[in-house]
Amino acid sequence: MTLDPNAGVHIFPLHTVLYPEGVLPLKVFEQRYIEMTKACLRDSLPFGVCLIREGREVGAAAVPEQIGCLATIEQWDMPQFGVFQLLTRGGARFRIREMRIAPNHLISATIDPIAPDGAAEEVDPLCREVLVAIMKKIGAERFPAPARLDDAAWVGYRLAEVLPLDAHVKQELLEATDAGKRLARLRGLLEKQGLTA
């Protein structure tokens, strides 16, 4: 699936941060997002998930952060009329270039893709140890397979999504374009909690 960034994508502002390869289950019940879901399923297109900077998930259009992550619908179900249960997976990161708000408050945007992090550098041993411990505790099946514990970007994203961090910190980790710097920031956060390698 190739995405033409100039064609525009629908934006789903949420109080959560999605990372590349991350899994995000969603319950969709607002009419504008039901329409968005139907269009994405019909045309096999992703939508953009952005953390809410101002506003709420329901009602008037929220103000999203400029950098988000594309989400592809992998599974869907409609357990009752007017409610979609989705299982989505994170794809490429993007930056919003221009935004439009439809009369139904659905946001669409032209976007610029953000290149993946450069070649994986050495993985911080503390970050790897903590991630392995979490995977053992909550189950490896909760993480995208195969586990790439020698990939600095993979380890950083997985740690960022499971650690109980403030949403603004999670956003900062999404926006980092260097896997080594992301891990260094995570190591600092872990050390603040008294964890050491």
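You'll find the structure just up there.
Below: a short report on this structure. (Residues numbered from 1 in each chain as written. Predicted model: local features only at pLDDT ≥ 70, side-chain atom pairs only at ≥ 80, totals over all residues. Heavy atoms only, no water.)

### So, helix H5 (residues 179-192)
For clarity, the cut-off: Runs of E in the DSSP output that reach at least two residues are strands. Runs of H or I that reach at least four are helices, and both are numbered from the N terminus. Take the residue count of a helix, subtract one, and multiply by 1.5 Å to get its expected span. Any two residues having at least one pair of non-hydrogen atoms within 4.5 Å are treated as being in contact. Counting of polar contacts relies on pairs of N or O atoms within 3.5 Å, with two restrictions inside protein: one atom must be capable of donating a hydrogen and the other of accepting it, and residues adjacent in sequence are counted only when both atoms are side-chain atoms.
Counted at 1.5 Å a residue, the expected span for H5 with its 14 residues is 20 Å, and the 20 Å between its end C-alpha atoms agrees. In the core, the buried residues of H5 are packed alongside strand S6 (83-101), helix H2 (125-138), helix H3 (152-162) and helix H4 (167-175). The N-cap residue of H5 is Asp178: its side-chain oxygen and the backbone nitrogen of Gly180 are 2.8 Å apart. Immediately downstream of H5, the backbone of Gly194 shows phi near 85°, a positive value.

### Overview of the side chain of Lys170
Quick note on the threshold: Relative accessibility decides the category of a residue: with a 1.4 Å probe and only protein chains considered, values under 20% of the type maximum give buried, values over 50% give exposed, and everything between is partly exposed. In summary, the charge assignment counts Lys and Arg as positive and Asp and Glu as negative, without counting His or the chain termini. The term salt bridge refers to a side-chain nitrogen of Lys or Arg lying within 4 Å of a carboxyl oxygen of Asp or Glu.
Mapping Lys170 onto the fold places it in helix H4. Here Lys170 sits buried without a salt bridge, and the closest side chain of opposite charge, Glu161, lies 7.6 Å off (N-O distance). In terms of polar contacts, Lys170 uses its side chain to reach the backbone carbonyl oxygen of Glu161, at 3.2 Å. Excluding residues within four positions of it along the chain, Lys170 makes contact with Val17, Tyr19, Ala160, Glu161, Val162, Leu163 and Leu165.

### Notes on the packing of aromatic side chains
To keep it simple, the criterion reads: In this analysis, rings of Phe, Tyr and Trp, with Trp reduced to its six-membered ring, are considered paired at centre separations within 6.5 Å, and the interplanar angle assigns stacked below 30 degrees, edge-to-face beyond 60, and tilted for intermediate values.
According to the stated counting rule, one finds four aromatic pairs in the structure shown. Ring geometry for Phe12 versus Phe47: centroids 6.0 Å apart, planes at 50°, classification tilted. Of this pair, Phe12 sits in strand S1 (residues 9-14) while Phe47 is found in strand S3 (residues 47-54), placing the two residues 35 residues apart along the sequence. Residue Phe12 is classed as buried on the basis of its relative accessible area of 6%. With relative accessibility at 0%, the residue Phe47 sits in the buried group. Ring centres of Tyr19 and Tyr157 lie 5.6 Å apart, and the angle between their planes is 35°; on these two criteria the pair is classed as tilted.

### A word on the packing of H2 against H3
Threshold: What counts as an axis is a line fitted to C-alpha atoms, over the stretch in contact for a helix, and the angles between N-to-C directions run from 0 to 180 degrees. Here roughly perpendicular refers to angles of 65 to 115 degrees, roughly parallel to angles under 35, roughly antiparallel to angles over 145, and oblique to all remaining angles. Whether a crossing is left-handed or right-handed is set by the direction in which the near helix is turned from the far one by less than a right angle, anticlockwise for left-handed and clockwise for right-handed. When residues are sorted by character, Ala, Val, Leu, Ile, Met, Phe, Trp, Tyr, Cys and Pro go into the nonpolar class, Asp, Glu, Lys and Arg into the charged class, and all the rest, Gly among them, into the polar class.
In the contact formed by H2 and H3, the axes pass within 10 Å of each other and the chain directions differ by 55°. When the interaxial angle is binned, H2 and H3 end up oblique. Relative to H3, H2 is oriented so that their crossing is left-handed. On H3, the residues that touch Cys127, Arg128, Val130, Leu131, Ile134 and Met135 of H2 are Trp154, Val155, Arg158, Leu159 and Val162. Here the contact of H2 with H3 is built from residues that sort into nine nonpolar, no polar and two charged.

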